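# Notes for the structure review
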Amino acid sequence: MTTTDAAVSRRRTNEIKLHTAEDFAGMRAAGKVAAECLDMLIPHVVPGALTDDLDKLVFEFTLDNGALPACLFYRGYGKTTCISPNHIVCHGIPGERVLREGDIVNIDVTMVVDGWYGDSSRMFGVGEVSPRAKRLVDVTYEALERGIAAVKPGGHTGDIGAAIQAYVESMRCSVVRDFCGHGLGRDFHTAPNILHFGQAGTGERLRPGMFFTIEPMVNLGKYPVKLLADGWTAVTRDKSLSAQCEHSIGVTETGCEVFTLSPAGLFKPPILST
Ligand code: MF3
Ligand code: CO
Ligand code: CO
């Protein structure tokens with residue numbers, strides 16, 4: 001890439017797009033397929049399930065619903081989903097790993113529908129799950145909800161991170177620093193970055209028409225992560241359990257619209273106490 005190309009691309013990626021009502025409709029359609037896909041997975045996430053088979057199910061579901069898998073071939077990634085059990089923080093690669101009773105696992109899917117990206121992930125409990133794992137999953141969902149509640153036009157991206165961090169740390173868990181939410185729309189990863197920690201009133205001003213994800217990763221132990229040799233899998237350095245959940249949202253005149261809510265009301269896993 002030439003310097004001029006870099007300058008042009010930097011300008012493009014630094015600009016935060018403000019989307020139209022029609023664009024909201026596009027995101028609603030993409031978000032719905034992502035949510036229905038995660039709903040579809042629920043009965044399949046059981047002890048003995050092969051992560052590669054879950055990935056294949058998502059691939060089939062994606063095509064059957066007129067969507068394209070966003071992750072497949074994205075920066076050399078070779079699968080449709082990311083599947084991240086236990087101490088894997090994010091970007092776990094589906095393969096020969098078999099899920100076991102007591103695992104907690106994040107499954108992250110991104111669908112492209114008519115050019116719009118719907119990106120969402122949830123936690124699944126595999127069989128009977130320990131109380132401490134349940135609590136971590138609970139805290140992670142509440143963290144996402146508090147982040148979403150902080151989205152208001154006139155506010156700042158930093159309000160989201162501040163709300164998430166304050167809550168998570170009050171529960172004696174930690175917020176992963178090395179990955180963040182991101183703008184999306186007709187692009188997969190664009191401006192703004194949504195940090196899940198930080199100061200209220202900092203960052204970008206929130207305006208109606210902005211689209212982005214909120215996807216906090218929460219650890220039972222300390223927040224540092226390390227990347228495995230495959231170049232994708234991020235794990236907790238202290239091997240503590242980690243959880244994540246993700247919605248794609250759009251800023252409205254009064255707050256925000258969540259594009260990836262489950263039409264069947266199944267976004268929160270049944271292992272949650274709330
Ligand atoms: N869906 C992930 C996110 O939330 C991105 C995965 S990129 C992949 O942004 F290449 F690892 F699939
Ligand atoms: Co995302
Ligand atoms: Co995702």
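Residues numbered from 1 in each chain as written. Chains lettered and ligands numbered in written order. Predicted model: local features only at pLDDT ≥ 70, side-chain atom pairs only at ≥ 80, totals over all residues. Heavy atoms only, no water.

The next point concerns the environment of Ile93. Relative to the assigned elements, Ile93 resides in the loop between strand 3 (88-90) and strand 4 (104-113). What makes Ile93 partly exposed here is its relative accessible area of 35%. As for Ile93 and Cys71, which are separated by 22 residues in sequence, their C-alpha atoms are 11 Å apart. In contact with Ile93, not counting residues within four places along its chain, are Tyr77, Lys79, Ile83, Asp230, Trp232 and Thr233. (Helix = DSSP H or I, 4+ residues; strand = E, 2+ residues; numbered from the N terminus. Buried < 20%, exposed > 50% of the residue type's maximum accessible area, 1.4 Å probe, protein only. Contact = heavy atoms within 4.5 Å.)

With antiparallel pairing, the three strands of this open sheet are ordered in space as 3-12-11. In this open sheet, the two strands that pair with only one neighbour each are strand 3 and strand 11 (225-227). Within the sheet, the average angular offset between the axes of one strand and its neighbour, ignoring direction, is 40°. (Pairing = 2+ DSSP bridges. Axes fitted to C-alpha atoms, helices over the stretch in contact; angles between N-to-C directions.)

As a further point, take the sheet that holds strand 6 (residues 174-175). Strand order in the open sheet formed by three strands is 6-10-13, with antiparallel pairing between adjacent strands. Each edge of the open sheet carries a strand with a single partner, namely strand 6 and strand 13 (242-244). Here strand 6 pairs with strand 10 (residues 217-219) via two bridges, running antiparallel. Opposite Ser174, over in strand 10, you have Asn219 as the bridge partner. Of the strands in this sheet, strand 10 and strand 13 are in contact with helix 4 (residues 131-149), which crosses strand 13 at around 35°.

Structural measurements only, silent on function.
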